[in-house]
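Close look at the chain arrangement
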Amino acid sequence: MFRPSHFAAVVLFALFASVVFGITQRETPPRMFRYGIYCFVLFVGSAVVLSWLMFLIAR
Amino acid sequence: MQGPVPYSLLPVLVRYSQKGMATTPNKVSAAQKESQQGFVYLPLIAGWLVPGAGHFLLRKWGRGALLAASIVGMFALGLAMQGKLYGGAHDILDMLGLAGDLGSGLLYIVSRALGLGADQVQVTTADYGTRFIVVAGLLNVIAAVDAHNLRTGRKA
C-alpha cells in the first residue's frame, strides 16, 4: 500500500492536475507550460498558506 | 434616420456585403468542413474510454501521452492508496463520487471487474486515494472535451 504524507499527496495531486489543466486550457505549448506551472504553484501555495492559517487559528 | 449614404462609407459597405459571398475565406472554410467530415464525437468517446486516446486519434502524440500519464498515474496512485471505487449511489455524495469515477471510462470498469480498490475507507491515505480516483475521472472528462474541441476546430 502506498502511504504518502499529506504534503506528498498535495504535490502529486497538484502535478497531475496542473499537467491536464495546462494542456487543455491553453493553445500553444509555451503557454500550456506557463499555465501548468502557474496552476501547480497556486495548488501547492494555497495548500501551504491554508495549512499555516489553520495552524495559527488552532493555537 | 435615413438618407443618402456618404461616399466615404461605400468601401466599408461593399466589403461588408461581400462577407457572405463565395470569396477565398469561404472556400477555405468549405475545404476545412470537407476534411472534418466523419464522426466528430469519436475523439470525445475514445478520450473518455481510454485517457489520451482522443488526442492520439488527432495525432497530438505529445499531449495525448502527457494526459494519459497524468490521468492513469493519478488513478493508479489512488488505487495504490487503497482508495474506494464507488459502486452504487446510496446518497447524493455517493452519486457525485460515482459520476466522477465513471469519468475514467474503461479504467473504472476494468478496476471494478477486477475487484480493485477498497470497499470502505479506513485510513487517511485511503481517503486521499478516493479523491485521487474521483479527480482522475473528472480530469479525463476535461481531456476528452478538449479532444472534441480540437476535432471540431474550436481549439487549435
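Data block above holds the structure.
Note that the coordinates shown come from a computational prediction; the quantities given were computed from them, not determined experimentally.

A word on the side chain of Arg63(B)
Looking at where Arg63(B) falls in the secondary structure, it is placed in helix H5 (residues 61-80). Asp146(B) provides the closest opposite charge to the buried, salt-bridge-free Arg63(B), at an N-O distance of 5.0 Å. Setting aside its immediate chain neighbours within four residues, Arg63(B) contacts Ile23(A), Glu27(A), Met32(A), His55(B), Leu150(B), Lys155(B) and Ala156(B).

What to know about the packing of aromatic side chains
Describing an aromatic ring pair means giving the distance of the ring centres and the angle of the ring planes. Under the counting rule described, the total for this entry stands at 7 aromatic pairs over all chains. Plain terms: the ring middles of Phe13(A) and Phe132(B) are 5.9 Å apart, the flat faces sit at 65 degrees to each other, and that makes the pair edge-to-face. Here the residue Phe13(A) occupies a position in helix H1 (residues 6-25), and Phe132(B) occupies one in helix H8 (residues 124-152), the pair thus bridging two chains. Over the ring of Tyr35(A) we find Arg26(A); its NZ or CZ atom is 4.0 Å from the centre of that ring.

Focus: helix H3 (residues 42-49) of chain B
All names here are of chain B. Listed as buried for H3 are Pro-43, Ala-46 and Gly-47. Down the axis, H3 shows its buried residues gathered within 100 degrees of arc, on one side only. Where H3 is buried, its residues meet helix H4 (53-57) and H8.

Observations concerning the side chain of Asp94(B)
Residue and element names in this part refer to chain B. Tracing the backbone shows Asp-94 in helix H6 (residues 92-102). One buried charged residue, Asp-94, remains without a salt bridge, the closest side chain of opposite sign being Lys-84 at 4.2 Å. When residues no more than four places from it in sequence are discounted, the contact partners of Asp-94 are Lys-84, Tyr-86, Gly-88 and Ala-89.

Re the interface of chain B and chain A
The interface of chain B with chain A comprises 24 residues on the first partner and 19 residues on the second. Of the roughly 1900 Å² buried at the junction of chain B and chain A (both faces included), carbon and sulfur atoms supply 78%. For the interface between chain B and chain A, the tally reads 5 residue pairs in polar contact (both at pLDDT 80 or more). Those elements that provide at least two residues to the side of chain B that touches chain A are H5 and H8 of chain B. Take the side of chain B that touches chain A: its biggest share by element is 10 residues, from H5(B). Looking at the side of chain B that touches chain A residue by residue, the class counts come to 16 nonpolar, 4 polar and 4 charged.

Section: the nonpolar core
Ile71(B), Met74(B), Phe75(B), Leu85(B) and Leu139(B) are the most contacted members of the largest nonpolar core, which totals 24 residues. Looking at this core, the elements with two or more residues in it are H1 of chain A together with H5 and H8 of chain B. Looking at this core element by element, the count peaks at 8 residues for H8(B).

Structural notes on the packing of H5(B) against helix H7 (residues 106-114) of chain B
The geometry of a pair of packed helices is captured by two quantities: the angle between their axes and the separation between those axes. All names here are of chain B. At a minimum axis separation of 11 Å, H5 and H7 run at an interaxial angle of 25 degrees. Here H7 runs roughly parallel to H5, going by the angle between their axes. When the axes of H5 and H7 are compared, the crossing they make is right-handed. Residues Val-72, Phe-75 and Leu-79 of H5 pack against Leu-107, Tyr-108 and Ser-111 of H7. Of the residues contributing to the contact of H5 with H7, the split by class is 5 nonpolar, 1 polar and no charged.

Quick notes on H5(B)
When the terminal C-alpha atoms of H5(B) are compared, their 27 Å separation across 20 residues agrees well with the 28 Å that a helix rising 1.5 Å per residue should span. Within H5(B), the full set of buried residues consists of Arg63(B), Gly64(B), Leu67(B), Ala68(B), Ser70(B), Ile71(B), Gly73(B), Met74(B), Phe75(B), Leu77(B), Gly78(B) and Leu79(B). The secondary structure elements touched by the buried residues of H5(B) are H1 and helix H2 (29-58) of chain A together with H4, H7 and H8 of chain B. Following H5(B) by one or two positions, Gln82(B) has its phi on the positive side, about 65 degrees.

What counts and how
- Residues numbered from 1 in each chain as written.
- Chains lettered and ligands numbered in written order.
- Predicted model: local features only at pLDDT ≥ 70, side-chain atom pairs only at ≥ 80, totals over all residues.
- Heavy atoms only, no water.
- Helix = DSSP H or I, 4+ residues; strand = E, 2+ residues; numbered from the N terminus.
- Buried < 20%, exposed > 50% of the residue type's maximum accessible area, 1.4 Å probe, protein only.
- Lys, Arg positive; Asp, Glu negative; His and termini not counted.
- Salt bridge = Lys/Arg side-chain N within 4 Å of Asp/Glu carboxyl O.
- Contact = heavy atoms within 4.5 Å.
- Phe/Tyr/Trp six-rings, centres within 6.5 Å; stacked < 30°, edge-to-face > 60°.
- Lys NZ or Arg CZ within 6 Å of the ring centre and 35° of its normal.
- Arc of directions from axis to C-beta.
- Buried area = accessible area lost by both parts, 1.4 Å probe.
- Polar contact = N/O pair within 3.5 Å; in protein donor to acceptor, adjacent residues only side chain to side chain.
- Nonpolar A, V, L, I, M, F, W, Y, C, P; charged D, E, K, R; others polar.
- Core = buried A, V, L, I, M, F, W, Y, C linked by side-chain atoms within 4.5 Å.
- Axes fitted to C-alpha atoms, helices over the stretch in contact; angles between N-to-C directions.
- Parallel < 35°, antiparallel > 145°, perpendicular 65-115°, else oblique.
- Left-handed = near helix turned anticlockwise from the far one by under 90°.
- Expected span 1.5 Å × (residues − 1).

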